[in-house]
Amino acid sequence: MAKSTSSDAQMLIRSLRTAYAATPTNLKIIDLYVVYAIVTAVIQVVYMGVVGSFPFNSFLSGVLSCVGTAVLAVCLRIQVNKENKEFKDLPPERAYADFILCNLVLHLVIMNFLG
Amino acid sequence: MGAKAENAVRPPSLAPSSSFPFPSLRTLKLKTKQQELLIRVSTLALIYVLAFAVRLFSVLRYESMIHEFDPYFNYRTTLFLTKNGFYEFWNWFDAESWYPLGRIIGGTLFPGLMVTAALIYRVFRFLTFAVHIREVCVLTAPFFASNTTLVAYFFGKEIWDAGAGLAAAALIAICPGYISRSVAGSYDNEGVAIFALLLTFYFFVKAVNTGSLAWGLASAFGYFYMVSAWGGYVFIINLVPLYVLVLLITGRYSMRLYVAYNCMYILGMLLAMQIRFVGFQHVQSGEHMAAMGVFFLMQVFYFVDWVKYTLNDPKLFHSFLRITLTCSISVGALALGVGTATGYISPWTGRFYSLLDPTYAKDHIPIIASVSEHQPTAWSSFIAVAVSATIKNLTTLIRTKSKASQTVSSKGTSSLKASAKASLDQALPFQRNAAIALLAGAFYLLSRYAIHCTWVTSEAYSSPSIVLAARGAHGGRVIFDDYREAYFWLRQNTPPDAKVMSWWDYGYQITAMGNRTVIVDNNTWNNTHIATVGRAMSSYEDEAYEIMQSLDVDYVLVVFGGVTGYSSDDINKFLWMVRIGGGVFPVIKEPDYLVNGEYRVDKGAAPKMLNCLMYKLCYYRFGELTTEYGKPTGYDRARGVEIGNKDIKLEYLEEAFTTSNWIVRIYKVKPPKNRW
């Protein structure tokens, strides 16, 4: 049973890799950015586990800024992806402008919350 | 010949001999679309004015003043904000209430209402309209009610069409529940919060429909305004995730939902945490966990969806699904369990727990149960709501019928149009009659509803509570302005650092109008302090004197309705004082004040009742007074009995002031006697 799950997992990873290689470069860049943001968030959580959570507002603002940019980048990816039928009428400039605006608001609030 | 023909051809409406002063619609030569726009805009304008006008009864009958209790706190803080600026307001520590503890006002209020009123005041001042901040405060709620009708129109238009939008706007303009909290003078959080609530929901629905990040950002700002305005924002942070969850379960989700909810949740949560009173509740309180749960669920859901789409192989996908589901469910359950067990995630507070179990407050938290606004609604009003909802549904149903026929006739070629029309006409011969009958019925019901709403607004919801009115012997109106009389006496005849002890209901009014320090007020944040006051009011005079000395009390204020028959006085509230005091100090026992479980103030009353401080202060010198023709002296008109203890002597207090109708009575606490 374990062998079949491990071989299943291997096949899974292999087919995922081949399928992913086919995505266009601009989407891959956005994906890389998302991964970078999540990794930064994880590093901050580990740091908080080591030194404690005081001051809590700084911890929250740090983690939420990472999670926020990751989520907004995923939204941008969804809107820019040519395969999404729902967003075929949306010009990519508008998607990018919305992304910039939301990030601006996000970081302004984070700067206020950092303390 | 030609000229005559032209004369004959000219349409009658342009004839110069027309003596009709009002130009008919035909003279404007509008196309149907423009006519429709004109009708819509003028209806909306009328609804806007109606929403404002229906809330003005108390301003016309009495004067432009702030009503009730909580609005006085809001007024005082707004006054402070306009005088001292936002920085001082946000960091304000108030030493004039909850003596000797004080209150951190800056961190324990919802600033939305005060900031809104201060902004409107600034705008008026900038335009050189020299208004007083009180007028702005009194009329803020009706102004925002009008704005809510506009939002309701756009919301209805977004969900259905312009007709539904107009119906929604009209209904919300006169809805009694909304009017009761937003009447002119009721300067309370709900006045702007209902506007913010509807605005947030509208922006969110718009975001879900368009999938645009900009609308998501707008809904996050709407949510921020709601959080800054009212504690009821918890309603949004639970309803929106519930809506998303239902969409996910029923399979009606799309990429737009992901964009809308994530943008609103992350930005909204961050913005909400900027309000100090809310603090970190979005990540720590049990009431906010649903939103976080749905956020994580969404990430997992859409990730799984994306993997399914990329893999294109059902077998592999099933194994992936198995792994992911087991992992995520176990991690989620573990996190929730650990969080609740260690107490990190706080359980639901008493206010919201009462929604699940309405009897919870009565048994465990007497101070929540004693507030009259928390009593459950009567069945009659539930039925009224159900009837009005049915009316709304009927109207929409009728409109659907007409909308269907419109769609049929506009699409397709002329032959299709003709055949469709023919088939519609043939299908149900009495469809037209039935529609007319239904419309007439709906019109009758709606007009009755409108009359009811106006009547109930005028009779029940327009009372300022601080000024009482009654019908005199010959039908003329008698005004009792005792409260303000007493507060201004305090303001003008007591030293500025005097401390006033009263029941917590009057705290905000005393600080705002009397400008004196109070021991407890309506914020009710410290139950023990309130219980101390309750204990003092229910003890014998010497025990109460000790408590008053420990609190540095200079004056005691009680409200008494025995002369006027006013039933919301302190004697009627006294049992709550006993219960709250007894909840913290077991020396106060409720059965001591009752006789056979009955609450009495006449000769048969319990001896502790007849000699407690509250009784003495209310009925001092009342035994000599004749209140009603044909009744003995000392006849209490609110309880309908002759009082039991007519010969009251006060040892440690002396009477300072009694208002003209004996409604408010103020006593001075005598300093301790000299020791030899």
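For clarity, every value in this text was computed on a predicted model and none was experimentally measured. (Residues numbered from 1 in each chain as written. Chains lettered and ligands numbered in written order. Predicted model: local features only at pLDDT ≥ 70, side-chain atom pairs only at ≥ 80, totals over all residues. Heavy atoms only, no water.)

Undergrad: When you look at the overall build of chain A in this model, what are you seeing that I'm missing?
TA: Secondary structure assignment for chain A yields four helices and zero strands. Along its sequence from the N terminus, chain A presents helices and strands in the succession α-α-α-α. In terms of C-alpha radius of gyration, chain A reaches 18 Å, well past the compact-globule figure of 13 Å for 115 residues. In terms of its C-alpha atoms, chain A occupies a principal-axis envelope of roughly 50 × 45 × 20 Å. Counting the 115 residues in chain A, one finds 37% classified as buried. Placing the 9 positive and 7 negative side-chain charges of chain A at their respective mean positions leaves the two points 9 Å apart. (Helix = DSSP H or I, 4+ residues; strand = E, 2+ residues; numbered from the N terminus. Rg over C-alpha atoms; globule rule 2.2 N^0.38 Å. Buried < 20%, exposed > 50% of the residue type's maximum accessible area, 1.4 Å probe, protein only. Lys, Arg positive; Asp, Glu negative; His and termini not counted. Charge placed at Lys NZ, Arg CZ, Asp CG, Glu CD.)

Undergrad: Got a minute to help me understand the pairing of strand β1 (residues 468-471) of chain B in this structure?
TA: For a regular strand, side chains alternate in direction, first toward one face of the sheet and then toward the other. All names here are of chain B. One ladder, built from four bridges, connects β1 with strand β2 (residues 477-480); its direction is antiparallel. What sits directly across from L468, in β2, is F480. Counting the residues that bridge the hairpin from β1 to β2 gives five residues, and of these G475 lies at a positive phi of roughly 85°. (Pairing = 2+ DSSP bridges.)

Undergrad: Got a minute to help me understand empty space enclosed by the protein in this structure?
TA: Over the atoms rolls a probe the size of a water molecule, and its path tells where empty space is left. All names here are of chain B. Per the counting criterion, the structure on display carries one cavity of 30 Å³ or more. By volume, the largest cavity amounts to about 30 Å³. Lining the largest cavity, in full, are I237, V240, P241, Y261, M264 and Y265. Its residues placed into classes, the lining of the largest cavity shows six nonpolar, no polar and no charged. (1 Å grid on protein atoms, 1.4 Å probe; cavity = no way out; pocket = protein on both sides within 12 Å on 5 of 7 lines; lining within 4 Å. Points joined across faces, edges and corners; volume = space filled by probe spheres on them. Nonpolar A, V, L, I, M, F, W, Y, C, P; charged D, E, K, R; others polar.)

Undergrad: Would you mind going over the side chain of R55(B) with me for this structure?
TA: Residue and element names in this part refer to chain B. Here R55 shows up in the loop between α2 (32-53) and α3 (57-61). For R55, which is buried and forms no salt bridge, the nearest opposite charge comes from E190, at a distance of 12 Å. Not counting chain neighbours up to four residues away, the residues in contact with R55 comprise P142, A145, I172, A173, Y178, I179, S182, V183 and A184. (Salt bridge = Lys/Arg side-chain N within 4 Å of Asp/Glu carboxyl O. Contact = heavy atoms within 4.5 Å.)

Undergrad: I tried to follow the interface of chain A and chain B on my own but got confused; where do I start?
TA: Often the size quoted for an interface is simply the accessible area lost on bringing the parts together. Residue-level contacts link 36 residues of chain A with 35 residues of chain B. Summing the contributions of chain A and of chain B, the shared interface buries around 3,100 Å²; its carbon and sulfur component is 79%. Joining chain A to chain B, the criterion identifies one salt bridge. E86(A) is paired through a salt bridge with R256(B); the nearest N and O atoms lie 3.5 Å apart. Linking chain A with chain B are six residue pairs in polar contact (both at pLDDT 80 or more). Taken together, the elements giving at least two residues each to the side of chain A that touches chain B come down to α1 (2-21), α3 (56-80) and α4 (92-114) of chain A. Here the element with the most residues in the side of chain A that touches chain B is α3(A); it accounts for 13 residues. Grouping the amino acids of the side of chain A that touches chain B by side-chain chemistry returns 23 nonpolar, seven polar and six charged. (Buried area = accessible area lost by both parts, 1.4 Å probe. Polar contact = N/O pair within 3.5 Å; in protein donor to acceptor, adjacent residues only side chain to side chain.)

Undergrad: Before we go on, may I ask you to explain a nonpolar patch on the surface in this structure?
TA: Residue and element names in this part refer to chain A. On the surface, I38, V42, V46, Y47, V50 and V51 cluster together to form a nonpolar patch covering roughly 600 Å² of accessible area. Looking at the element boundaries, I38 is found in helix α2 (residues 25-51). For I38, a relative accessible area of 41% gives the class partly exposed. (Patch = residues over 30% accessible without salt bridge, like charges linked within 9 Å, V, L, I, M, F, W, Y side chains within 5 Å. Areas by Shrake-Rupley, 256 points an atom, 1.4 Å probe, with all protein chains shown as cover.)

Undergrad: Can you help me understand the pairing of strand β5 (residues 555-559) of chain B in this one?
TA: Residue and element names in this part refer to chain B. Among the five residues that make up β5, five are buried, leaving the element largely enclosed by the rest of the structure. By the alternation rule, side chains of β5 split into Y555, L557 and V559 and V556 and V558, which are all buried. Judged from the five bridges that link them, β5 and strand β9 (residues 664-669) form a sheet pairing that is antiparallel. Each residue of the ladder has a partner; that of Y555, found in β9, is K668.

Undergrad: Sorry, what's going on with the pattern of salt bridges here?
TA: Residues and elements named next belong to chain B. Using the criterion set out here, one finds 23 salt bridges over all chains in the structure. A salt bridge links K206 to E158; the nearest nitrogen and oxygen atoms lie 3.0 Å apart. Placement of the pair is K206 in helix α9 (residues 189-210) and E158 in helix α6 (residues 133-159), with a sequence separation of 48 residues. Take K206: its relative accessible area is 17%, and that puts it in the buried class. As a salt-bridge pair, R637 and E628 come within 3.0 Å of each other at their nearest N and O atoms.

Undergrad: What's the story with helix α24 (residues 527-538) of chain B in this structure? I'm lost.
TA: Note on helix geometry: an α-helix contains 3.6 residues per turn, so any two residues three or four positions apart are oriented the same way. All names here are of chain B. If you check α24, its first and last C-alpha atoms are 16 Å apart, about what 12 residues at 1.5 Å a residue would give, namely 16 Å. Among the 12 residues that make up α24, nine are buried, leaving the element largely enclosed by the rest of the structure. Every buried residue of α24 is listed here: H529, I530, A531, T532, V533, G534, A536, M537 and S538. For α24, the N-terminal cap is N526; the gap from its side-chain oxygen to the backbone nitrogen of T528 is 3.2 Å. (Expected span 1.5 Å × (residues − 1).)

Undergrad: Please explain the packing of α6(B) against helix α7 (residues 162-174) of chain B as it appears in this structure.
TA: The packing of two helices is summarised by the inter-axis angle and the distance between the axes. All names here are of chain B. The interhelical angle for the contact between α6 and α7, taken along N-to-C directions, is 150°, at an axis separation of 7 Å. Viewed along their axes, α6 and α7 adopt a mutual orientation that is roughly antiparallel. The handedness of the crossing between α6 and α7 comes out as right-handed. Contacts from T148, T149, A152, Y153, G156 and K157 in α6 reach A162, A164, G165, L166, A168, A169, I172 and A173 in α7. (Axes fitted to C-alpha atoms, helices over the stretch in contact; angles between N-to-C directions. Parallel < 35°, antiparallel > 145°, perpendicular 65-115°, else oblique. Left-handed = near helix turned anticlockwise from the far one by under 90°.)

Undergrad: Please explain the UniProt feature "transmembrane region" (unreviewed entry) in chain A as it appears in this structure.
TA: Residue and element names in this part refer to chain A. Under the UniProt annotation, "transmembrane region" (unreviewed entry) lies at residues 32-50, 56-76 and 96-114. End C-alpha to end C-alpha, residues 56-76 measures 30 Å, and it is 100% helix and 0% strand. Helix makes up 100% of residues 96-114 and strand makes up 0%, while its end C-alpha atoms are separated by 26 Å. (UniProt positions renumbered as here; feature names shortened; annotations may be inferred.)

Undergrad: What should I look at first to understand the sheet that holds β5(B) in this one?
TA: Residues and elements named next belong to chain B. An order of β4-β3-β5-β9-β8 is seen for the five strands of this open sheet, with the pairing classed as mixed. Each edge of the open sheet carries a strand with a single partner, namely β4 (517-518) and β8 (653-658). Pairing between strand β3 (residues 499-501) and β5: two bridges, direction parallel. Counterpart to M501 in the pairing with β5 is V556. Taken strand by strand, helix α22 (residues 482-493) contacts β3, β5, β8 and β9, and its axis lies near 25° from that of β9.

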